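Single-letter residue listing:
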Amino acid sequence: MTEKKVAVCTGSGRPGGLGEAILRRLGEEGYRLVVTDVDGSGTNHLAKPDEMEAVTERLRSGGAEVFSHACDVRSAESVKHLFNAAMEYFGRVDVLINNAGIGFVMKDTREVSPDEWNLVIDVTLSGVFHCTQAAAAHMEAAGRGGRIINIASQAAKSGFPHMAPYCAAKHGVIGLTRTAAIDYGAAGITVNAVCPNHVTTGLGSAQNAYFSAFKGLTESAYLEEMAARIPLQRIGQAADTAAMCAFLASDDASFITGEAINVSGGEEVH
Ligand SMILES: NC(=O)c1ccc[n+]([C@@H]2O[C@H](COP(=O)([O-])OP(=O)(O)OC[C@H]3O[C@@H](n4cnc5c(N)ncnc54)[C@H](O)[C@@H]3O)[C@@H](O)[C@H]2O)c1
């Protein structure tokens, strides 16, 4: 019997987030799963240990074999521990989804503090770098190739008001994706980015509240306006992003690397 592949998704400990949806889909596809998130106790917008446990239990009750391990992607050491622990538990790592990100710093560029800038860049861009290096080292050592999927954003391709560090980090994720695709190509590791537009997750809800107030609209009017400008006339769902991740992880995507693929109902087309 073929051994089941293992998928690790960072920032997957927040219920209702893209990470949970991606892992649920990969679990349905037969992958063994690693749930990992920062210990965000005492902080708004970050996963709490009981939330990560709840996500883990939900994925298990869907039938998947799941290992969970806290990790702060800002720290190369913490990231090394994560992949060593996943290797010890499952014996292999085949797919990395770099999903952790900070999108809750919403301010005019003039008002962003150096600490806020560094936090967003450290998690959203440097975290992708640390995890890519650590996961790819295990993939290369195993000699079976692998898949690295970076959850970028529409904000990786276009500017948005009051999102300077986020847009800068996400644009950087595409640059890292293109270069890592070249550097790891000969090892059979593909590296791609997925660029969703708005999805109402925990992070998405905070953005709805901020940007509807910014535009002087109610949240429902703000979302209606958004859906109306999307060619497919609806707001994206976490399952849309999860489906793209499942495709990029699959054998069908074995000749696709270095891409930044929009999942935006036609709103973002370049
Ligand atoms: N929701 C959207 O509209 C949308 C659109 C495009 C892209 N994205 C991207 O999708 C990803 C998931 O976002 P989401 O909407 O599910 O929001 P979310 O807030 O539920 O997920 C982000 C996760 O990152 C984790 N995280 C933060 N700091 C961390 C750290 N130092 N180490 C490890 N994990 C850390 C958080 O705890 C959280 O679980 C993010 O990268 C986000 O930028 C979201």
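Residues numbered from 1 in each chain as written. Predicted model: local features only at pLDDT ≥ 70, side-chain atom pairs only at ≥ 80, totals over all residues. Heavy atoms only, no water.

**Section: the overall build of the protein chain**
So, step 1. Summing up its helical and strand segments, the protein chain has 8 helices and 7 strands in all.
So, step 2. Radius of gyration (C-alpha) of the protein chain: 18 Å, near the 18 Å computed for a compact globule of 270 residues.
So, step 3. The long-range share in the protein chain, meaning contacts at least 24 apart out of those at least 6 apart in sequence, stands at 71%.
So, step 4. Within the structure as shown, the protein chain displays about 12100 Å² of accessible surface, and the carbon and sulfur contribution to it stands at 53%.
So, step 5. For the protein chain, the centre of its 22 positive side-chain charges and the centre of its 31 negative side-chain charges are spaced 3 Å apart. (Helix = DSSP H or I, 4+ residues; strand = E, 2+ residues; numbered from the N terminus. Rg over C-alpha atoms; globule rule 2.2 N^0.38 Å. Contact = heavy atoms within 4.5 Å. Areas by Shrake-Rupley, 256 points an atom, 1.4 Å probe, with all protein chains shown as cover. Lys, Arg positive; Asp, Glu negative; His and termini not counted. Charge placed at Lys NZ, Arg CZ, Asp CG, Glu CD.)

**What to know about the site of the ligand**
So, step 1. Residues in contact with the ligand amount to 28 residues; listed here are only the nearest, Arg14, Leu18, Asp37, Tyr166 and Thr201.
So, step 2. One of the backbone nitrogen or oxygen atoms of Val73 is found 3.0 Å away from a nitrogen atom of the ligand.
So, step 3. Taking Asn99, its main chain carries an N or O atom lying 2.8 Å from an oxygen atom of the ligand.
So, step 4. Against a free-state accessible area of 820 Å², the protein chains account for coverage of 98% of the ligand.
So, step 5. Of the residues that constitute the shell around the ligand, the class distribution is 15 nonpolar, 8 polar and 5 charged.
So, step 6. Each of two domains, domain 1 (6-197 + 237-261) and domain 2 (198-235), supplies a minimum of three residues to the shell around the ligand. (Near = heavy atom within 4 Å. Polar contact = N/O pair within 3.5 Å; in protein donor to acceptor, adjacent residues only side chain to side chain. Nonpolar A, V, L, I, M, F, W, Y, C, P; charged D, E, K, R; others polar. Domains from an automatic or database assignment.)

**Describing the domain arrangement of the protein chain**
So, step 1. Segmentation of the protein chain into domains returns domain 1 (6-197 + 237-261) and domain 2 (198-235).
So, step 2. Computed from C-alpha coordinates alone, the two centres of domain 1 and domain 2 are separated by 24 Å.
So, step 3. With 17 residues of domain 1 at the interface, the matching set in domain 2 holds 13 residues.
So, step 4. Carbon and sulfur atoms supply 61% of the area buried between domain 1 and domain 2, which totals about 1300 Å² over both sides.
So, step 5. Three residues stand out in domain 1 for area buried against domain 2, namely Met106, Asn197 and Gln237, and they jointly supply 40% of the buried area on that side.
So, step 6. Arg234 is paired through a salt bridge with Asp240; the nearest N and O atoms lie 2.9 Å apart. (Buried area = accessible area lost by both parts, 1.4 Å probe. Salt bridge = Lys/Arg side-chain N within 4 Å of Asp/Glu carboxyl O.)

**Quick notes on the nonpolar core**
So, step 1. Among the nonpolar cores identified, the biggest contains 42 residues, and Val34 and Phe83 are the most heavily contacted of them.
So, step 2. Broken down by secondary-structure element, the contributors of at least two residues to this core are β1 (6-9), α3 (76-90), α4 (114-142), α5 (164-185), β6 (189-196), α6 (202-215) and α7 (219-229).
So, step 3. With residues up to four places along the chain from it excluded, the contact list for Phe83 reads Val8, Val93, Leu96, Cys131, Ala134, Ala135 and His138.
So, step 4. One finds Leu23, Ile97, Met244 and Cys245 within the second-largest nonpolar core, a separate group that totals 31 residues. (Core = buried A, V, L, I, M, F, W, Y, C linked by side-chain atoms within 4.5 Å. Buried < 20%, exposed > 50% of the residue type's maximum accessible area, 1.4 Å probe, protein only.)

**Quick look at the environment of Glu88**
So, step 1. Note that Glu88 resides in helix α3.
So, step 2. Placed 58 residues apart in sequence, Glu88 and Gly146 show a C-alpha to C-alpha distance of 18 Å.

**Quick look at α6**
Note on helix geometry: an α-helix contains 3.6 residues per turn, so any two residues three or four positions apart are oriented the same way.
So, step 1. Helix length check: α6 (14 residues) gives 20 Å between terminal C-alpha atoms against 20 Å at 1.5 Å per residue, within 8%.
So, step 2. Buried residues of α6: Gly204, Ala206, Gln207, Asn208, Phe211 and Ser212, and no others.
So, step 3. At the N-terminal end of α6, a side-chain oxygen is found 3.4 Å from the backbone nitrogen of Leu203, two or three residues along, and the residue is Thr201.
So, step 4. One or two residues past the end of α6 sits Gly216, with phi positive at roughly 70°. (Expected span 1.5 Å × (residues − 1).)

**A few points about the sheet that holds β1**
So, step 1. Here 7 strands make up an open sheet; going across it, the order is β3-β2-β1-β4-β5-β6-β7 and the pairing parallel. Two strands bound the open sheet, and with one partner strand each, they are β3 (66-68) and β7 (260-263). Shown here is a sheet whose adjacent strand axes are inclined to one another by a mean of 20°, direction ignored.
So, step 2. Relative to β7, β6 is paired through 4 bridges, and the arrangement is parallel. Its bridge partner lying in β7, Pro196 is registered against Val263.
So, step 3. Packing of helix α2 (residues 49-61) onto the sheet brings it into contact with β2 (32-35) and β3, and relative to β3 it is tilted by some 170°. (Pairing = 2+ DSSP bridges. Axes fitted to C-alpha atoms, helices over the stretch in contact; angles between N-to-C directions.)

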